[in-house]
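# Observations on chain architecture
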Amino acid sequence: MNADQEAIKDVFSSFFVEQTGPESARNSIPLGFDLKAWKRLSETGAPGMGVSPPAGGGASLSDLVIVAEEAGSQIAPLPIIDHVVTSRVLEKLDLLEEEVLTGTLIAGLVVRPVKNGVAKSVPTGAIANRLIALNEDKLLLLADEPPNKSLPNHGDLPIAHRVIKNADVIAEGREATELFDRALNEWKTLISAFLVGITRSSIEITVEYVKDRHQFGKPIGSFQSVQHGLADLPGLCDGARLLVNKAAWAGDKEIAGAINLTDNEISDFATLASMSLVFAGETSLHATDRGLHYHGGYGFSEEYDIQLFYRRARAWSQILNSPSEECLDLADLLLKDIGAE
Amino acid sequence: MDFELSEKAIDFRSQVKKFIENNLTSEIISNMHETGTFNDKSFNEALASEGLLAGAVPGYGDRDPVELYLLFNELEKAGAPYDGLAVTMLVAGIINAVGTEFHHEEILKKLLTGKHNCCLGYSEPDYGSDVASITTKAEKVGDKWIINGQKMWTTMAHESDWVLLLTRTNSEVPKHKGMTMFLVPMATPGIEIQPVPTMASERTNATFYDNVEVEDQWRLGEIDDGWSVMGIALALERGVMGGTNPAVPLLKHVLNWAETTPSKNESLMINNNLMRERIARTAIINQVGQLLTLRAAWIAATGGMPGVEGSMAKIYASEEYQKVVGWFQQMAGAEGLLSFGAEDAAAFGWIDYDARHAPVTTIYGGTSEINRNNIAERHLGLPRSR
């Protein structure tokens with residue numbers, strides 16, 4: 001991390017700790033969105049940070065993963081990742097509205113293909129005023145009032161189905177799919193960073209708990225079985241962060257990367273973004289599972305925060321794809337120059 | 001951490017890759033598996049004459065730990081015999097750090113020619129993870145030391161000119177404070193080597209020390225301060241001397257197999273969805289193993305001591321390797337059980353070999369449990385549990 005990135009980390013760490021955190025996540029149920037915190041975040045200019053410098057942004061993907069991890073560490077109920085990624089697409093097509101830049105209007109990505117004119121289970125579906133979606137080889141922009149009502153869900157996210165009608169076609173053919181793929185890879189990278197944040201906090205929360213909680217006259221964290229269950233996690237968390245950072249590095253580079261599977265040399269952005277999502281996702285499942293378990297019955301009770309992390313890890317790690325399906329997409333990338341397909 | 005290697009490191013890596021392409025023959029690889037000795041002195045000598053060996057000594061010369069990592073990583077990915085080399089270069093690094101002029105002249109210089117090897121004499125039949133409890137005794141008699149005892153897992157003893165031997169020199173003090181390290185010439189009378197065959201192809205040894213007499217000049221470090229020398233050895237290793245990408249050559253063998261082997265429905269295995277999912281997962285594991293190792297090297301290169309980071313890389317790479325080979329062995333069914341040389345052996349027997357080899361990787365060089373203790377205490381700040 002360079003000095004600028006250290007500064008980004010400090011600023012956003014403070015922001016998310018002070019303005020969001022588990023308290024905000026709880027208070028945002030059932031919508032899954034904290035409007036007050038979003039307005040505060042908008043005052044900092046964060047919703048526009050991903051666009052180009054002349055438009056008032058300038059953050060690289062490597063900068064944005066820092067913000068996303070800090071947001072994840074506080075399970076911030078804010079659509080910052082979707083908004084930033086979508087804004088970047090809108091800017092490329094010269095469609096960036098001032099209200100989107102400032103965060104007055106919320107922009108989101110329909111991460112899965114549209115079917116029969118409906119976008120199902122859109123991550124920001126309940127709150128997004130602008131949605132970008134891919135329908136076959138057409139990129140669509142839906143400008144519509146959001147329902148402001150979520151489908152009840154596992155991760156308390158602002159999920160809703162959205163009917164895509166009267167949407168503008170904003171790009172077609174190869175341009176459309178390239179723009180969408182780029183946005184989706186950025187989204188995967190940043191969601192992975194958010195999941196690293198969830199993992200990091202789950203470890204911290206649980207380590208504090210096992211130091212504090214006494215059974216048999218000792219802190220439960222002094223028992224080797226508990227220690228060893230926790231000791232696996234920091235390496236997985238660090239590995240996930242390294243992979244996410246590498247994906248962002250690949251995404252920021254001007255030149256295309258390479259895939260050399262048999263030599264374990266991989267610098268292709270799409271491949272690394274997909275790897276990140278699978279690995280950061282499953283790492284977060286594992287860390288929150290251990291974390292909840294070592295809380296004993298309290299981990300299962302609503303009162304303790306670990307269950308909030310547990311459920312969000314599951315929601316974000318599979319809202320795009322089941323990990324197995326994501327692995328099959330990844331295999332298509334890895335094996336495209338090898339084998340029978 | 002920079003994901004872009006420096007120009008110097010990239011040059012070094014291409015030099016290593018070129019060397020491997022020109023020097024690593026299939027005879028060398030099949031010979032290592034037939035003999036069980038993962039060491040090839042003529043290969044090591046060729047590395048030395050190419051000027052690559054001086055860069056393989058941790059802390060020595062102008063090579064930084066990232067290049068050290070690259071050398072061993074390339075050897076590992078290529079399936080080259082590097083086990084003997086890694087231990088030998090580790091000992092070279094220890095001599096460089098704490099050795100006397102005599103050790104430099106008499107041992108280090110010879111190690112750098114590739115013609116000589118060292119082995120490690122730490123573990124004993126009754127003391128493995130609890131290595132500070134060892135009982136092999138060294139007694140000062142006049143100006144000489146008399147050594148008696150037994151060591152286990154002295155891999156490469158039969159190839160080596162010296163053994164780095166941890167001995168008990170004082171039983172009156174706490175166990176960590178009564179050990180002394182020696183570099184004992186293997187030709188000294190009273191040393192006996194017994195081979196210990198293993199379930200994989202590699203051979204290890206038990207070594208016996210019966211009134212072995214050595215002069216004081218073979219002592220490495222201060223008397224009763226052998227534990228500090230051990231500490232240096234562990235710090236130098238830093239998880240960068242191979243062992244963190246074992247599933248890379250495995251995946252290469254598996255891909256060759258999957259591309260040529262029909263599955264039950266007559267399509268090739270490479271088109272089987274479970275196979276493809278597992279290939280993708282293995283590719284992720286290989287990347288993460290590489291990144292965790294590179295981070296440890298990078299911390300070392302910038303003056304840090306990546307003890308905990310080395311533990312993380314070691315646990316991850318070895319345990320995932322064992323998991324991955326289990327997947328592929330099961331997918332290969334009965335042919336996944338067939339060994340080198342057997343007709344129809346899946347991946348020419350590599351799957352069987354890796355499945356035999358994988359369990360030891362979570363044991364040697366510090367068991368997963370010892371590494372978890374290290375992370376729990378030193379990284380998570382949990383109380384000592386034993």
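Coordinates for the structure precede this section.
Report on the accompanying structure. (Residues numbered from 1 in each chain as written. Chains lettered and ligands numbered in written order. Predicted model: local features only at pLDDT ≥ 70, side-chain atom pairs only at ≥ 80, totals over all residues.)

Topologically, Tyr209 of chain B is positioned in strand S7 (residues 203–215). Put simply, Tyr209 of chain B and Tyr69 of chain B are 140 residues apart on the chain and 35 Å apart in space, counted from C-alpha to C-alpha. (Helix = DSSP H or I, 4+ residues; strand = E, 2+ residues; numbered from the N terminus.)

A word on the packing of helix H13 (residues 323–334) of chain A against helix H9 (residues 273–301) of chain B. Contact geometry of H13 of chain A with H9 of chain B gives a least axis separation of 8 Å together with a crossing angle of 80°. Overall, the two elements H13 of chain A and H9 of chain B adopt an arrangement that is roughly perpendicular. In this structure, H13 of chain A contributes Ser324, Cys327, Leu328, Leu330, Ala331 and Leu334 of chain A to the contact, and H9 of chain B contributes Asn273, Arg276, Glu277, Ile279, Ala280, Arg281 and Ala283 of chain B. Split into classes, the residues belonging to the contact of H13 of chain A with H9 of chain B amount to eight nonpolar, two polar and three charged. (Axes fitted to C-alpha atoms, helices over the stretch in contact; angles between N-to-C directions. Parallel < 35°, antiparallel > 145°, perpendicular 65-115°, else oblique. Contact = placed C-beta atoms within 7 Å. Nonpolar A, V, L, I, M, F, W, Y, C, P; charged D, E, K, R; others polar.)

Turning our eyes to something else, we now look at the interface of chain A and chain B. Tallying the contact residues gives 38 residues for chain A and 38 residues for chain B. Breaking the side of chain A that touches chain B down by element, the ones donating at least two residues are helix H8 (224–231), helix H9 (233–252), helix H10 (269–294) and H13 of chain A. In terms of residues, the side of chain A that touches chain B owes the most to one element, H9 of chain A, which gives eight residues. By residue class, the composition of the side of chain A that touches chain B is 22 nonpolar, 11 polar and five charged.

Residues and elements named next belong to chain A. One way to put it is that H9 packs onto H10 with a least axis distance of 9 Å and a crossing angle of 160°. Our classification of the angle between H9 and H10 gives roughly antiparallel. Crossing hand, H9 versus H10: left-handed. Across from Leu233, Leu236, Cys237, Ala240, Leu243, Val244, Lys246, Ala247, Ala250 and Gly251 in H9, the residues of H10 making contact are Phe269, Leu272, Ala273, Met275, Ser276, Phe279, Ala280, Thr283, His286, Ala287 and Arg290. Partitioning the contact of H9 with H10 into residue classes produces 15 nonpolar, four polar and two charged. (Left-handed = near helix turned anticlockwise from the far one by under 90°.)

Residues and elements named next belong to chain A. The alternating pattern of strand S5 (residues 160–163) places Ala160 and Arg162 on a buried face and His161 and Val163 on a face that is not buried. Here strand S2 (residues 118–122) runs beside S5; their pairing, made up of three bridges, is antiparallel. Opposite Ala119, over in S5, you have Arg162 as the bridge partner. (Buried ≥ 20, exposed ≤ 12 C-beta atoms within 10 Å, placed from the backbone. Pairing = 2+ DSSP bridges.)

Here we come to unusual backbone geometry. Between Ile29 of chain A and Pro30 of chain A the backbone carries a cis peptide bond, its omega angle lying at 15°. Looking at where Pro30 of chain A falls in the secondary structure, it is placed in the loop between helix H2 (21–27) and helix H3 (35–43). You will see that Asp156 of chain A, though not glycine, has its phi angle at about 55°, which is positive. Within the secondary structure, Asp156 of chain A sits in the loop between strand S4 (138–143) and S5. Even without glycine at this site, Asn211 of chain B takes up a positive phi of about 50°. Topologically, Asn211 of chain B is positioned in strand S7. On the basis of neighbour count, Asn211 of chain B is assigned to the exposed category, with 10 C-beta atoms found within 10 Å.

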